[in-house]
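Observations on the three-dimensional arrangement
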Amino acid sequence: MTPRNAEVVIVGAGIAGIAVAHALAVTHGIRDVVLVDERPPLTLTSDKSTEAYRNWWPGPDDAMVRCMNRSIDLLESWAVASGNRFLLNRRGYVYATRSPETAARFLADAEQAEAQGAGPLRTYRSVGEASAYRPSAHTGFDDHPRGADLFLDRAAIRAHFGFLADDLVAVLHARRCGWLSGQQLGMTLLEEARHAGVALVTGRVEAVETAAGRVAQVHVMTLADGPLTIAAPVCVNAAGPFARQVGALMGASLPLFSERHLKVSFEDVLGAVDRNTGLVILDDPQTLAWSAEERALFAEDPTTRWLTELLPAGIHLRPDGYHGSRTVLMLWDYHGDERYETPEFPLPPDDAYGEVVMRGMTALVPALGAYVDRLPPLWIDGGYYTKTAENRPLVGAMPVPGSFVAAGFSGFGIMAAPAAAELLAAQLVGAALPPGAEAYAAAFAPNRYDDPAYRARVAAWGATGQL
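As the structure is a prediction and not an experimental result, all values here were calculated from the model.

**Here we look at the overall build of the protein chain**
Along the backbone of the protein chain there are 11 helices and 20 strands. Relative to its length of 467 residues, the protein chain is compact, with a C-alpha radius of gyration of 23 Å against a globular reference of 23 Å. With the principal axes as the frame, the protein chain shows a C-alpha extent of 70 × 50 × 50 Å. A total of 467 residues make up the protein chain; the buried ones form 57% of that total. Contacts in the protein chain between residues at least 24 apart in sequence constitute 74% of all its contacts with a sequence separation of at least 6. As displayed, the protein chain offers around 18,400 Å² of accessible surface, 53% of which is attributable to carbon and sulfur atoms. The protein chain carries 39 positive and 53 negative side-chain charges, and their two centres are separated by 3 Å.

In structure tokens:
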């Protein structure tokens, strides 16, 4: 193929790469941007998540909250401009527990989140106090409360969350949260970017060549026409699960690893799940209920013994679709210790996943127990969460001049991509940082690991906000 020139090459057409292309072309007027991916846009991991967003994050500082608040500002502005083409809602995240200790943590977390900018906390300790609670609307995002509503009374929980288990002692409803159609968001941004001059090349980046110590050429093996050389002074690594490998092509060793995350969907024909609820998380570990015979059989086999052991907190679900839809999505990362340096596609299977998640979910929504003995058709898919040890992304310049990275978004790529792309684009063109970005620019910079004190801090990090 005839060599071509570009101002910027972006490796990866997932939500991160598309958002960077959009920020460069639409916001900053950089016309000659080339997106390279061997797969169709948004099809590797961007369409495999719950498509949710939240400004509810642990510390130890306010970087993630500030970043997500900025991302949500952008999402809302794009939703207004597009007539809400990507179906942004504000259903919220609903955290639940039957543990008094976890209830106390909910209160402490909510007070910290309020201090970090997530919005005001409203606490209800009786049914009467909870009468002031405003439920989320089925659709839309306008005129919703900010902050969080914390229920610390079982009768109040039953009054407002009647489909959940009746032994819960605390429910925390984080409000500036919800979900959207990630596919439609990505396509909206991609269409606007292409209209502004961004080109999409279907192929695999095989080498990034330097000259005089900086990025000079990107070598691509296109699927249709063979080798293509793109002369460009800038290359952005937005390769998702393959960001570590692409980083090596650009002379960088990125501190990334991947975890397999699956999700299961089914048609809730019995109406066990409230169709107006937010994304609901049980924040308690649990042991699955089996018959005595089943438990003994599983326990004697080392490959199935884990089914009888204590499984981690974090099982969650949400309704999918609106109005007459009956689809429910469910997720549970009960194998969170698995790490993949090189992701495998198709994903390694987990034949037990659907039944295990359905059984575990009955601890949160007892009515789902009607499906356990005769499972409905279950659809399972998933992808990888590619992340750093402290679960914060890499956004900024890499060591070789002209090389940048927007990766390590774990399971929050859709919600973080708008603000992260805006930040990276400003750094790339030398513009002023976006509003509020000084709160998270350094926290996401790839060179943060050069500081021994930071590495020591990460070793004692604690909660990372991973669901």
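**Comments concerning helix α8 (residues 353-361)**
Given 3.6 residues per helical turn, the α-helix brings residues three or four places apart onto the same face. With eight of nine residues buried, α8 is to be regarded as a mostly interior element. Where α8 is concerned, the buried positions are Y353, G354, V356, V357, M358, R359, G360 and M361. Those residues of α8 that are buried are in contact with β14 (257-267), α7 (292-299), β16 (315-320), β17 (327-331) and β18 (379-387).

**A look at empty space enclosed by the protein**
Empty space among the atoms becomes apparent when a probe as large as a water molecule is rolled across them. On inspection of all chains with the given rule, the structure shows three cavities of 30 Å³ or more. Of the pockets and cavities examined, the largest cavity occupies roughly 80 Å³. In terms of lining, the largest cavity is formed by R260, H261, L262, W332, D333, Y334, H335, E338, D350 and Y353. The element best represented in the lining of the largest cavity is β14, accounting for three residues. Here the residues of the lining of the largest cavity sort into four nonpolar, two polar and four charged.

**Thoughts on the layout of surface pockets**
The volume enclosed by the second largest pocket comes to roughly 670 Å³. Lining the second largest pocket are 31 residues, with A463, T464, G465, Q466 and L467 sitting closest to its centre. Listed by contribution, the elements that provide at least two residues to the lining of the second largest pocket are α3 (100-116) and β14. Considering each element in turn, the lining of the second largest pocket owes the most residues, five residues, to α3. Taken together, the residues of the lining of the second largest pocket break down into 15 nonpolar, eight polar and eight charged.

**Comments concerning the sheet that holds strand β20 (residues 403-407)**
Within a sheet, each strand pairs with its neighbour through backbone hydrogen bonds, oriented either parallel or antiparallel. Strand order in this open sheet of nine strands is β1-β12-β11-β10-β3-β2-β13-β20-β19, and the pairing throughout is mixed. Taken across any chain shown, the strands that pair with only one partner, and hence form the sheet edges, are β1 (4-5) and β19 (394-397). Here β19 pairs with β20 via four bridges, running antiparallel. If you follow L394 over to β20, its bridge partner there is A407.

**What about the sheet that holds β17?**
Overall, mixed pairing links the nine strands, which are arranged β6-β7-β8-β5-β15-β16-β17-β14-β18 in an open sheet. On the outer flanks of this sheet lie β6 (121-124) and β18, each paired with one strand and no other. With strand direction ignored, the average angle separating the axes of adjacent strands in the sheet is 20°. Taken together, the five bridges between β16 and β17 define a ladder with antiparallel strand orientation.

**With respect to the pairing of β17**
With respect to burial, β17 is a largely interior element, five of its five residues being buried. Residues of β17 alternate between two faces, with T327, L329 and L331 on one and V328 and M330 on the opposite face, all of them buried. As judged from the four bridges shared by β14 and β17, these two strands associate in the antiparallel manner. In the sheet register, E267 faces β17, and the bridge partner there is T327.

**As for the environment of F163**
Here F163 shows up in the loop between α4 (154-160) and β8 (170-174). Relative accessible area serves as the criterion here: at 13%, F163 is assigned to the buried category. As a C-alpha pair, F163 and S82 span 81 residues in sequence and 35 Å in three-dimensional space. Leave out the neighbours within four places in its chain, and F163 touches A272, V273, D274, T277, V280, L364, V365 and P366.

**Re the packing of aromatic side chains**
Inspection of every chain in the model, using the stated rule, returns 20 aromatic pairs. Ring centres 6.4 Å apart and planes at 75° place the aromatic pair Y124 and Y133 in the edge-to-face group. Judged on exposure class, the residue Y124 and its partner Y133 are both buried. Ring plane angle 20° and centroid distance 5.2 Å describe the contact between W306 and Y334, whose orientation is recorded as stacked.

**Remarks on the environment of D149**
Along the chain, the position of D149 falls in strand β7 (residues 148-151). As a C-alpha pair, D149 and A132 span 17 residues in sequence and 10.0 Å in three-dimensional space. If sequence neighbours within four positions are ignored, D149 has contacts with R122, Y124, Y133, V171, L172, H173 and R175. Separated by 2.6 Å, the side chains of D149 and R175 make a polar contact.

**Some remarks on the nonpolar core**
Among the nonpolar cores identified, the biggest contains 82 residues, and V8, I10, L24, W56, Y93, L185 and V236 are the most heavily contacted of them. Tallying contributions element by element places helix α9 (residues 413-429) first for this core, with 11 residues. Contact partners of W56, with chain neighbours within four places excluded, come to Y95, D109, A110, A113, A118, G147, A148, L172, A174 and C177.

Thresholds, definitions, all that
- Residues numbered from 1 in each chain as written.
- Predicted model: local features only at pLDDT ≥ 70, side-chain atom pairs only at ≥ 80, totals over all residues.
- Heavy atoms only, no water.
- Helix = DSSP H or I, 4+ residues; strand = E, 2+ residues; numbered from the N terminus.
- Rg over C-alpha atoms; globule rule 2.2 N^0.38 Å.
- Buried < 20%, exposed > 50% of the residue type's maximum accessible area, 1.4 Å probe, protein only.
- Contact = heavy atoms within 4.5 Å.
- Areas by Shrake-Rupley, 256 points an atom, 1.4 Å probe, with all protein chains shown as cover.
- Lys, Arg positive; Asp, Glu negative; His and termini not counted.
- Charge placed at Lys NZ, Arg CZ, Asp CG, Glu CD.
- 1 Å grid on protein atoms, 1.4 Å probe; cavity = no way out; pocket = protein on both sides within 12 Å on 5 of 7 lines; lining within 4 Å.
- Points joined across faces, edges and corners; volume = space filled by probe spheres on them.
- Nonpolar A, V, L, I, M, F, W, Y, C, P; charged D, E, K, R; others polar.
- Pairing = 2+ DSSP bridges.
- Axes fitted to C-alpha atoms, helices over the stretch in contact; angles between N-to-C directions.
- Phe/Tyr/Trp six-rings, centres within 6.5 Å; stacked < 30°, edge-to-face > 60°.
- Polar contact = N/O pair within 3.5 Å; in protein donor to acceptor, adjacent residues only side chain to side chain.
- Core = buried A, V, L, I, M, F, W, Y, C linked by side-chain atoms within 4.5 Å.

Structural measurements only, silent on function.
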